[in-house]
Amino acid sequence: MPRRDLTWIPRLLGAATAAYGAAVAAKPDVLLSPTKLSGGGRTPSAGTTLLARAVGGRDLASGLAMALAPAGTPLKAAIAVRVGADIVDLVVLGSQLPDRDAREKATMVAAGWGALCALSLLAADPPRRGLLGRA
């Protein structure tokens, strides 16, 4: 029995990641405010803003890779890169943010998004062809 094409799942997650990355790159406060690196009267340093833009660029690139990579091994590689980035976020933001509440929230977001992306590996293969060459 042919398998349905489920690659829309990791592609949707990739598009969402890319949109978030573009938003952070354009407006770093999208990342800095929830992590409490800005807001509450604090102005982020130029270095903090630069780092947020770099994270946004990373997320934009990894999200576009998930959204556009061919099904199979290339899509799985793009997903693995995204999951790796989420693991790094989980470790770094979860241990280094100056506010405990922000650390906990960042950990939950990174773990949740990383888990969703990791699960999407199950949908990354192209559909198998049936006996007559139809999907």
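Treat the numbers as computed from the prediction; the structure is a model and nothing was measured.

A. Molecular detail of the environment of G21. If you trace the backbone, G21 turns up in helix α1 (residues 8-26). Those residues within four positions of G21 in sequence are excluded, and the remaining contacts are G56, G57, D59 and L60.

B. Structural detail: the packing of α1 against helix α3 (residues 46-68). Two numbers describe how α1 lies on α3: the axes approach to 7 Å, and their chain directions differ by 155°. Viewed along their axes, α1 and α3 adopt a mutual orientation that is roughly antiparallel. Note that α1 runs across α3; the crossing there is left-handed. Among the residues making up the contact of α1 with α3, the classes are represented as 15 nonpolar, 7 polar and 3 charged.

C. Representation of the nonpolar core within the structure. Among the nonpolar cores identified, the biggest contains 9 residues, and these are L13, M66, A69, L75, A78, I79, V83, C117 and A124. Per-element accounting of this core gives the leading share, 4 residues, to helix α4 (residues 73-96). Among residues more than four places away in sequence, those in contact with A78 are A65, M66 and A69.

D. Representation of the packing of α4 against helix α5 (residues 100-119) within the structure. Following both chains from N to C, one finds α4 and α5 inclined at 165°, their axes separated by 8 Å at the closest point. What the angle tells us is that α4 and α5 run roughly antiparallel. Relative to α5, α4 is oriented so that their crossing is left-handed. Each of I79, R82, V83, D86, D89, L90, L93, G94, S95 and Q96 in α4 lies in contact with α5, whose residues at this interface are R103, A106, T107, A110, A111, W113, G114, C117 and A118. Of the residues contributing to the contact of α4 with α5, the split by class is 10 nonpolar, 5 polar and 4 charged.

E. Just α3, in detail. With 23 residues, α3 extends 33 Å between its outermost C-alpha atoms, agreeing within 8% with the 33 Å of an ideal straight helix rising 1.5 Å per residue. Within α3, burial applies to A52, G56, D59, S62, G63 and M66. If you follow the buried residues of α3, they end up packed against α1, α2 (29-32), α4 and α5.

Rules used throughout
All chains use their own residue numbering, which begins from 1 and follows the written sequence. In keeping with the model being predicted, local features are shown solely for residues with a pLDDT of at least 70 and side-chain atom pairs are shown and tallied solely at 80 or more, while totals for entire chains, interfaces and linings include all residues. Each side-chain value is derived from all of the structure's non-hydrogen atoms; neither hydrogens nor water enter the calculation. Helix numbering and strand numbering both begin at the N terminus, where a helix is a DSSP run of H or I of at least 4 residues and a strand a DSSP run of E of at least 2. The contact criterion used throughout is that any non-hydrogen atoms of two residues lie within 4.5 Å. All axes are obtained by fitting lines to C-alpha atoms, using only the stretch in contact for helices, and the reported angles, taken between N-to-C directions, cover 0 to 180 degrees. Orientation is classified from the angle alone, with under 35 degrees giving roughly parallel, over 145 giving roughly antiparallel, 65 to 115 giving roughly perpendicular, and any other angle giving oblique. For any pair of crossing helices, the crossing counts as left-handed if the nearer helix is rotated counterclockwise from the farther one by less than a right angle, and right-handed if it is rotated clockwise. Classification convention: Asp, Glu, Lys, Arg as charged; Ala, Val, Leu, Ile, Met, Phe, Trp, Tyr, Cys, Pro as nonpolar; all other residues, Gly among them, as polar. For the purposes of this section, nonpolar cores are sets of buried Ala, Val, Leu, Ile, Met, Phe, Trp, Tyr and Cys residues that join through side-chain atoms within 4.5 Å. Classification of residues uses two cut-offs on accessible area relative to the type maximum, computed with a 1.4 Å probe and protein chains only: under 20% is buried, over 50% is exposed, and between them is partly exposed. Every helix has an expected span of 1.5 Å times one less than the residues it contains.

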